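A closer look at the structure
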Amino acid sequence: MGKTILTGDRPTGRLHIGHYVGSLRQRVALQNSGEYDKIYIMIADAQALTDNFDNPDKVRQNIIEVALDYVSAGLDPAKSTLFIQSQISELTELTFYYMNLVTVSRLQRNPTVKSEIQLRNFEASIPVGFFTYPISQAADITFCKANVVPVGEDQLPMLEQTKEIVHKFNAVYAPDNPVLVEPKALVPEAEACKRLPGTDGKAKMSKSLGNCIYLADSADEVRTKIMSMYTDPLHLQVSDPGHLEGNTVFTYLDAFARDEHFERYCPDYANLDEMKAHYTKGGLGDVKVKKLLNNIVQEELEPIRKRRAEYEKDIPEIYNILRKGSDAAREVAAQTLSEVKRAMKIDYFEDMELIRAQSEKYKGSSSC
Ligand code: TRP
């Protein structure tokens, strides 16, 4: 069986460097590795609407932002199928059938959904659509029979849910000839990449906290944000010993720095470990560390920024890419849906044998 990747993002804002080190950078590497037969990258607008149903304009505006971030980061429409979730109505149909395979209590146990419910003050009354989005995510992953899903750590509960649905579907409807494929999550190895904190040191980058560095930020914006980043509040003088734990600048360096960067921008140290040792001993100021981080992040973002400027000149072409990608995804989804319906015995008009057998059954049974 071929190797297929599917992943995606909710279009609720521009993508930031947390998305980049958490998933986007890896997707581009996987795409360029040549090891995968098909790569699907989805803009999950229908999922975004599950908690933004009253703000359709926000979702609509951010489709193009996310698409621009994708192609600027190096996702190549010639190699990866970029598409919009809501344009594949087969996904909704799959979701409806998968709902029979999941219990309410199972959904209630999903830790990511739990914390999102708290965050959105949904405790008293949860919209059904939001509550069931993990099931729709299983449809996203299975329509193309993806076996690899590169995601951040917070998505692992969705992958678990998907695996359970696949397992149950195959056991109930297709025990001899499995229809759906169990996916595997691919999470970045480095701890710092799994959940990059905000520039203020808070646990997560979030637009509402204003602590994000966006892929689309200008060089000046990036520099300003990095130079005012949260470090070690106890490191008041250069000579003081510094702490690495919870020190955002070092967490970012963990996510971005490679040995070659030191040669280029900070030859006093051979690598990050040497710099950390100096910092914890005392005698290394925050400004020097921040300047290094700025150089490294700028180097990484510059080509992305340049590509974005090019793509921004032809926005209709971006929509064209998404339309073509959606057409291609729909074709694959229709194929899987027809296999699903056959397995579920709801393919009445395609099954000539059914019609023949039924007519046999009623032959000669008319009593008059
Ligand atoms: N839940 C993901 C997020 O919040 C977006 C998403 C929707 C997704 N469907 C998916 C990710 C399928 C991976 C696979 O970013």
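Residues numbered from 1 in each chain as written. Predicted model: local features only at pLDDT ≥ 70, side-chain atom pairs only at ≥ 80, totals over all residues. Heavy atoms only, no water.

Quick notes on the domain arrangement of the protein chain
The domains assigned to the protein chain are domain 1 (4–196 + 315–355) and domain 2 (219–311). Computed over C-alpha atoms, the centres of domain 1 and domain 2 are 35 Å apart. Every contact between the two is made by 17 residues of domain 1 and, on the other side, 11 residues of domain 2. Counting every contact that joins domain 1 to domain 2 gives 3 salt bridges. (Domains from an automatic or database assignment. Contact = heavy atoms within 4.5 Å. Salt bridge = Lys/Arg side-chain N within 4 Å of Asp/Glu carboxyl O.)

With respect to the environment of A78
Here A78 shows up in the loop between α3 (56–73) and β3 (81–84). C-alpha of A78 to C-alpha of I321: the two residues are 243 residues apart in sequence and 9.4 Å apart in space. (Helix = DSSP H or I, 4+ residues; strand = E, 2+ residues; numbered from the N terminus.)

Here's the deal with the pairing of strand β1 (residues 4–9)
Burial within β1 is extensive, with 5 of its 6 residues counted as buried. Strand direction decides the pairing type here: β1 and strand β2 (residues 38–43), joined by 6 bridges, are parallel. Following the sheet pairing, D9 is matched in β2 by I43. In terms of handedness, the path from β1 via helix α1 (residues 17–33) over to β2 forms a crossover that is right-handed. (Buried < 20%, exposed > 50% of the residue type's maximum accessible area, 1.4 Å probe, protein only. Pairing = 2+ DSSP bridges. Right-handed = clockwise from strand over helix to strand, strands pointing away.)

Thoughts on the nonpolar core
In this structure, I17, Y70, L253 and M275 are the most contacted members of the largest nonpolar core, which totals 59 residues. Looking at which element gives the most residues to this core, the answer is α3, with 8 residues. Once you skip the residues sitting within four places of it in the chain, M275 turns out to touch F250, L253, F262, C266, Y269, L284, V289 and L292. (Core = buried A, V, L, I, M, F, W, Y, C linked by side-chain atoms within 4.5 Å.)

Brief notes about the side chain of T248
Its location among the elements puts T248 in helix α12 (residues 248–256). Owing to a relative accessible area of 1%, T248 belongs among the buried residues under this scheme. In this structure the side chain of T248 is engaged in a polar contact, spanning 3.4 Å, whose partner is the backbone oxygen of Y230. Those residues in contact with T248 that lie beyond four places of it in its chain are P197, G198, T199, G201, M229 and Y230. (Polar contact = N/O pair within 3.5 Å; in protein donor to acceptor, adjacent residues only side chain to side chain.)

Here we look at the packing of aromatic side chains
Summed over the entire model, instances satisfying the criterion amount to 10 aromatic pairs. Here Y40 and F83 contribute two aromatic rings whose centre-to-centre distance is 6.4 Å and whose plane-to-plane angle is 85°, an arrangement assigned as edge-to-face. Placement of Y40 in strand β2 and of F83 in strand β3 is noted, with a sequence separation of 43 residues between them. Judged by relative accessible area, which is 4%, Y40 ranks as buried. On the accessibility criterion, F83 (0% relative accessible area) is buried. Ring geometry for F83 versus F143: centroids 5.7 Å apart, planes at 75°, classification edge-to-face. Of this pair, F83 sits in strand β3 while F143 sits in the loop between α8 (133–142) and β4 (148–150), and the two are 60 residues apart along the sequence. You'll find F83 and F143 in the same group, each marked buried. Counting every residue linked through ring pairs, the aromatic cluster contains Y40, F83 and F143. The aromatic ring of Y133 is capped on one face by R10, whose charged end is 4.6 Å from the ring centroid. Here the guanidinium or amino end of R25 rests over the ring plane of F256, the centre of that ring lying 5.7 Å away. (Phe/Tyr/Trp six-rings, centres within 6.5 Å; stacked < 30°, edge-to-face > 60°. Lys NZ or Arg CZ within 6 Å of the ring centre and 35° of its normal.)

Quick word on the site of the ligand
The immediate surroundings of the ligand are formed by 14 residues, with M42, Q47, Q137, D140 and Q155 found nearest. Burial of the ligand by the protein amounts to 91% of the accessible area it has alone, namely 370 Å². For the shell around the ligand, the elements supplying multiple residues, two or more each, are β1 and α8. The leading source of residues in the shell around the ligand is β1, at 4 residues. When the residues that make up the shell around the ligand are grouped by side-chain class, the tally is 6 nonpolar, 5 polar and 3 charged. (Near = heavy atom within 4 Å. Areas by Shrake-Rupley, 256 points an atom, 1.4 Å probe, with all protein chains shown as cover. Nonpolar A, V, L, I, M, F, W, Y, C, P; charged D, E, K, R; others polar.)

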